[in-house]
Amino acid sequence: MSKSYNIAVIPGDGTGPEVVAEGLKVLTATASMEKITLNFSHYDFGGDRYLKTGEVLPENAAEEMKKFDAIYLGAIGHPDVKPGILEKGILLKLRFDLDQYINLRPVKLYPNVETPLKDKGPEHIDYVVIRENTGDVYTGIGGVSMKGTPYEVAEQSMIYNRFQVERCLRWAFEYTKKRNKRKTLGLVGKTNVLTYVYDLWERAFHEIGQRDYPDIKRDYYHVDAACMWMVKSPEWFDVLVTGNMFGDIITDLGAITQGGMGIAAGGNINPEGVSMFEPIGGSAPKYTGKNVINPLAAICAGGMMLDILGEKKAADRIERGVIKVLEKDIQSLSAGHMGLSTTEVGDKVAAYVS
Ligand code: IPM
Ligand code: MN
């Protein structure tokens, strides 16, 4: 019997709806080739809805999302809404409420894509960053006092418990094993300054690795040094694992080395629950409605969604389609310079997967 999946679609703000439309086009074409059924249900969460109703996210949104097999998200962020409200109220809230404790961000340079790294090609840039997605300064624990005075004090704490660290590390070891490339997992931390938080990470990393994954090689990098090596020697890396804040920062660096936000996809994964897939770039308001934004990151996020759902063949089909459009059609990954419109890119990939 053919498999069927229910997918919640949140196009969101800015160019989100445009890239999601192309992603859905490619997903639908792929599903029909692989004889799987995808049922899409749309949700209007985002800035426009907030400005109209005053509600960031309906009370029951996370519960509602739990009915689905996965969530496919465009972008969150609106120029008329103060930064933080939508990001915290929608994107981070869903990540937390659905306990999507892994943020999976591949850094892979595809053929024919320009990288700012000198003398590096696809053979050098192919690794994965696993970013813990529920803890760290993202918990928002802290506060401010004497605000607006010269004595203002602000505090926001980096918080991790052993449970969070351990489940993330275990998933990272398993992922490294399954990926079966260089069988090397690198922990990115800052044990020379964050002597509590990254000491916890480092001890857990070596304990779990030594006991349960003796075949996986363990490396450690301070986060500042990791940034240098991501530029100088990305070929060293296979899989990297790190906390939420460092993961946020280094994955933007990784993204630019693979051609930028036009191609970088991410998955917010709850291995035991509902996961959410998104292009990692923002809502790009200045390109909204112009049919110039690059939809490949959203298309790749759709591929990752199928992969995590267990549809590896379908995911590979999308990746081959993306590689083909990059090799044959697209001039540049930047919005407005692709030589094709947003919808044309979607049409081509949809044709290539068929
Ligand atoms: C990301 C984004 C988000 C984050 C923002 C929009 C809250 O930068 O997904 O990387 O910091 O996680
Ligand atoms: Mn980010």
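Preceding block: the structure.
Every value quoted in this text rests on a predicted model; they were computed, and no experiment measured them. Each chain carries its own residue numbering, running from 1 in the written order of its sequence. Each chain is given a letter, starting from A, and each ligand a number, starting from 1, according to the order in which they appear as written. Given that the model is predicted, a residue must reach a pLDDT of at least 70 before its local features are reported, and side-chain atom pairs must reach 80 or more before they are shown or counted; all residues, however, enter totals for whole chains, interfaces and linings. For the side-chain quantities, the full set of heavy atoms in the structure was used; hydrogens and water were omitted.

Q: Which residues make up helix α7 (residues 223–232), and what are the values?
A: A turn of α-helix holds 3.6 residues, and therefore any two residues three or four places apart point the same way. Of all the positions in α7, only Val223, Ala226 and Met230 are classed as buried. Taken end-on, α7 shows its buried residues confined to a sector of 45°, consistent with a single buried face. As for α7, its buried residues are in contact with β5 (126–132), β8 (184–189), β9 (217–222) and α8 (244–257). Throughout, exposure labels follow a simple rule: accessible area from a 1.4 Å probe, protein chains only, divided by the maximum for the residue type, with under 20% read as buried, over 50% as exposed, and the rest as partly exposed. Runs of H or I in DSSP of at least four residues are treated as helices and runs of E of at least two as strands, each being numbered from the N terminus. Here, the arc refers to the directions that run from the helix axis to the C-beta atoms. By definition, residues are in contact when any of their heavy atoms lie within 4.5 Å.

Q: I'd love a proper account of empty space enclosed by the protein, names of residues and values included.
A: Using protein atoms alone on a 1 Å grid, points that fit a 1.4 Å probe yet trap it form a cavity, whereas open point sets bounded by protein on both sides within 12 Å along at least five of seven lines form a pocket; residues with an atom within 4 Å of a point count as lining. Grid points are joined across faces, edges and corners, and a volume is the space filled by probe spheres set on the points. Inspection of every chain in the model, using the stated rule, returns one cavity of 30 Å³ or more. Taken as a whole, the largest cavity encloses approximately 40 Å³ of empty space. Lining the largest cavity are Arg105, Pro106, Val107, Thr251, Ala255, Gln258, Ala264, Ala265 and Ile280. Mapped by element, the contributors of at least two residues to the lining of the largest cavity are β4 (102–108) and α8.

Q: If you had to explain the site of ligand 1 to someone new, which residues and values would you point to?
A: Each residue is tested against the molecule or strand, and it is near if at least one of its non-hydrogen atoms lies within 4 Å. The immediate surroundings of ligand 1 are formed by Glu87, Leu91, Arg95, Arg105, Arg131, Tyr138 and Asp248. N or O atoms closer than or at 3.5 Å make up a polar contact, with two conditions inside protein: a donor-capable atom paired with an acceptor-capable one, and, for residues adjacent in sequence, both atoms drawn from side chains. In the model, an oxygen atom of ligand 1 is placed 2.7 Å from a nitrogen or oxygen of the arginine 95 side chain. In this structure, tyrosine 138 approaches ligand 1 through a side-chain N or O atom, which is 2.6 Å from an oxygen atom. A per-element tally of the shell around ligand 1 places helix α4 (residues 85–97) first, with three residues. Only Asp, Glu, Lys and Arg are considered charged, only Ala, Val, Leu, Ile, Met, Phe, Trp, Tyr, Cys and Pro nonpolar, and every remaining residue, Gly among them, polar. Taken together, the residues of the shell around ligand 1 break down into two nonpolar, no polar and five charged. In this entry, domain limits derive from an automatic or database-based domain assignment. Shared between two domains, the shell around ligand 1 holds at least three residues of each, these being domain 1 (1–99 + 285–354) and domain 2 (115–258).

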